[in-house]
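Topology and contacts: notes
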Amino acid sequence: MYKWSLSNSEVDLKMIQGFQKCENNVPEQLQQAREELYAWKKKVDLVEKEKSDCICAKLDVDEQKKEVMCKLTKLHTEHEQLQAELTKQKNIFEANFAAKKDENVQLKVKLDDLEKLHKRKLDECFYLKDQARIKTSFPDVNSKFTKLEESVPTEEEGEEFLNISCRYTVEPNVSLSLRPGQVIITFEEEQVAEKILKISKHQINLEPGKLDVKVEPVTLSSATKFDVCVDISRKKINVSDIPQILSDEQMKDKLEISFSKPSLGGGEVQDVKYDTTAGTAVITFLEKGVAQRVAAKRHYPLFVQERIIKLKVQPYMTYHLEKFQTFNGISRQTVLLSDIRSDMDQEELQDKLEIHFQKPSNHGGEVESIKYIPKGQYAVAYFEELPGKESD
């Protein structure tokens, strides 16, 4: 037995066909039903169309979703790559930072060492400058001129009598700069120093322990000997502490008038050279002996604008160097010990060294002086030529 059925659309179609055959005989209610059926059919078509549109929209959304998922996957892959690159760069940066940090520590240590070296070099430079300095200034002492009546110029006197000449011989002490860890020993006899120098290394018994020291000759730094020749003018004086209260010409006139007064100890002025910037002047008198008389006063009055100004007066001196000689040598009685590394007290170590180098069994002899330079200190030893002995 077979069953069959019709869909709603087929049933409707059959009903419509049946209704068409008997259209003229359909009652009024059936006519209304037919109209409702057409209305419902339109609604069904509309719903079917909306359903089709929804299916199409769904397909479009699925396609967009697929594209979005592809982009999301791509972005996720790129994110992972960027994260891996970031991690790699971070590791490289941390490694470089650690290396730079270690390098910075090393540079800081090197900087500290260089600063210490710089300080040592500055100290050595100070000592070298101190021993090489030539002082050209002379102490301010009273100068007393005797037999002033004989200084009155005569026609027979020539230019060679215009100045009083002096000569000074400068013999600076010869020095040696000593660094930390060095010892300088001076023996009473030269022969002892010669014997000690023949043994380059000595072993010192410290009890407890022993100390190896290196013995070297003392090479003295260069020394300079020269003569300073000073000429003191008998006609000129130096004037200082001149105030800048007048013009150049007015001040020159005031100076000439003031220093020309015999009542103040002056005399006839031959020339005035005035330096406004320095507040100084050089006064040249016509007669000899006046400059000596004025310079002995040290101060001289100047009357300006109804007040008295005390000017400083000094002899006019010129000087130059002669017999400039430079020499060096080696000390015959002194030896130098280097590379001493010991934490022993300074006095105790000096005693141990002195005991060692006094023993004849160590080729030593009587020690005149000994000096140890401990860590962190510097010193300068000065040498002088002994009477009756030639300079080394």
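These numbers come from a predicted model, not from an experiment.

Thoughts on the nonpolar core
Counting 23 residues, the largest nonpolar core has Ile 237, Val 239, Leu 255, Phe 259, Ile 283 and Phe 285 as its most contacted members. Those elements that place two or more of their residues in this core are β6 (223-240), α4 (248-259), β7 (269-275), β8 (280-285), α5 (290-295), β9 (299-304) and β10 (307-327). With 4 residues, the single largest contributor to this core is α5. Setting aside residues no more than four positions away along its own chain, Ile 237 makes contact with Phe 259, Ala 281, Val 282, Ile 283, Phe 285, Ala 291, Val 294, Ala 295, Val 313, Gln 314 and Tyr 316. Counting 21 residues, the second largest nonpolar core, distinct from the first, contains Ile 196, Val 215, Leu 337 and Leu 349.

Observations regarding the sheet that holds strand β3 (residues 183-187)
Here we have 5 strands laid out as an open sheet, ordered β4-β5-β11-β3-β12, and antiparallel in their pairing. Where the open sheet ends on each side, the last strands, each with one partner, are β4 (201-205) and β12 (367-372). Averaged over neighbouring strand pairs, the angle between their axes works out to 30 degrees when direction is ignored. Sheet topology places strand β5 (residues 210-219) next to strand β11 (residues 330-338); 5 bridges connect them, and they run antiparallel. Looking at the pairing, Lys 214 lines up with Ser 338 of β11.

Looking at α4
Its 12 residues place the ends of α4 17 Å apart at the C-alpha level, agreeing with the 16 Å of an ideal helix rising 1.5 Å per residue. Within α4, burial applies to Met 251, Leu 255, Ser 258 and Phe 259. The arc enclosing the buried residues of α4, seen along the axis, measures out at 85 degrees, which places them on a common side. Exposed residues on α4 whose side chains face more than 90 degrees from its buried face are Glu 249 and Ile 257.

Topic: the side chain of Ser 233
Residue placement: Ser 233 occurs in strand β6. Looking at Ser 233, its side chain comes within polar contact range of the main-chain nitrogen of Lys 235, at 3.1 Å. In terms of polar contacts, Ser 233 uses its side chain to reach the backbone amide nitrogen of Lys 236, at 3.0 Å.

Quick word on the pattern of salt bridges
With the rule as written, the count across this model stands at 4 salt bridges. Its salt-bridge partner being Asp 53, residue Lys 49 comes within 3.4 Å of it at the nearest N-O pair. Separated by 4 residues within a single helix, Lys 49 and Asp 53 lie in helix α2 (residues 28-132), roughly one turn from each other. Ionic pairing is found between Lys 58 and Asp 62, a salt bridge with its closest N-O pair at 3.2 Å. Highlighted residues: Lys 58 and Asp 62, both in helix α2, separated by 4 residues, approximately one helical turn.

What about helix α3 (residues 190-198)?
Listed as buried for α3 are Val 192, Ala 193 and Ile 196. Along α3, the residues classed as buried sweep out an arc of 100 degrees about the axis, all on the same side. Those residues of α3 that are buried are in contact with β3, β4, β5, β11 and α6 (346-358).

Details of the packing of aromatic side chains
This structure, assessed with the given rule, holds 3 aromatic pairs. For the ring pair Phe 259 and Phe 285, a centre distance of 6.5 Å and an interplane angle of 65 degrees mean the geometry is edge-to-face. Pair noted here: Phe 259 is in helix α4 and Phe 285 is in strand β8, with a separation of 26 residues, a long-range link. A relative accessible area of 0% places Phe 259 in the buried class. A connected cluster of aromatic rings, assembled from ring pairs, spans Phe 259, Phe 285 and Tyr 300.

Some words on a negative patch on the surface
A surface patch of negative charge is lined by Asp 248, Glu 249, Asp 253, Glu 256, Glu 268, Asp 271 and Glu 287. Per-element tally for the negative patch: the top contributor is α4, with 4 residues. On the secondary structure map, Asp 248 appears in helix α4.

Reading the values: the criteria
In this numbering scheme, every chain counts its residues from 1 along its sequence in written order. Only residues with pLDDT of at least 70 get local features here, since the model is predicted, and only at 80 or more are side-chain atom pairs given and counted; chain-wide, interface and lining totals rely on the full set of residues. With hydrogens and water excluded, all non-hydrogen atoms of the structure serve as input to the side-chain values. Think of a nonpolar core as a cluster: buried Ala, Val, Leu, Ile, Met, Phe, Trp, Tyr and Cys residues, connected wherever their side-chain atoms sit within 4.5 Å. Only protein chains enter the area calculation, which uses a 1.4 Å probe; residues under 20% of their type maximum are buried, those over 50% are exposed, and those in between are partly exposed. The helix count covers DSSP runs of H or I at least four residues long, the strand count covers runs of E at least two residues long, and both are numbered beginning at the N terminus. Only heavy atoms matter for contacts: two residues are in contact if any of them lie within 4.5 Å across the pair. The criterion for strand pairing is that DSSP finds at least two bridges linking the strands in question. Helix axes are fitted only over the stretch in contact, all axes being lines through C-alpha atoms; the angle between N-to-C directions runs from 0 to 180 degrees. Helix span, expected: 1.5 Å multiplied by one less than the number of residues in the helix. Note that the arc is defined by the directions from the helix axis to the C-beta atoms. Any pair of nitrogen or oxygen atoms within 3.5 Å is treated as a polar contact; in protein, a donor-acceptor pairing is required on top of that, and neighbouring residues in sequence qualify only through side-chain atoms on both sides. The rule for a salt bridge is simple: a side-chain nitrogen of Lys or Arg has to be within 4 Å of a carboxyl oxygen of Asp or Glu. Classification of ring pairs rests on two measures: the distance between centres of Phe, Tyr or Trp rings, Trp counted by its six-membered ring, which must be within 6.5 Å, and the angle between planes, read as stacked under 30 degrees, edge-to-face over 60 and tilted in between. Like charges within 9 Å and nonpolar side chains (Val, Leu, Ile, Met, Phe, Trp, Tyr) within 5 Å are joined into patches, using only residues over 30% in relative accessible area that form no salt bridge. Areas reported as accessible are Shrake-Rupley estimates using a 1.4 Å probe. Residue values count occlusion only from the protein chains shown. Under the counting rule used here, the positive set is Lys and Arg, the negative set is Asp and Glu, and His together with the chain ends is not counted. To locate a charge, take atom NZ for lysine, CZ for arginine, CG for aspartate or CD for glutamate.

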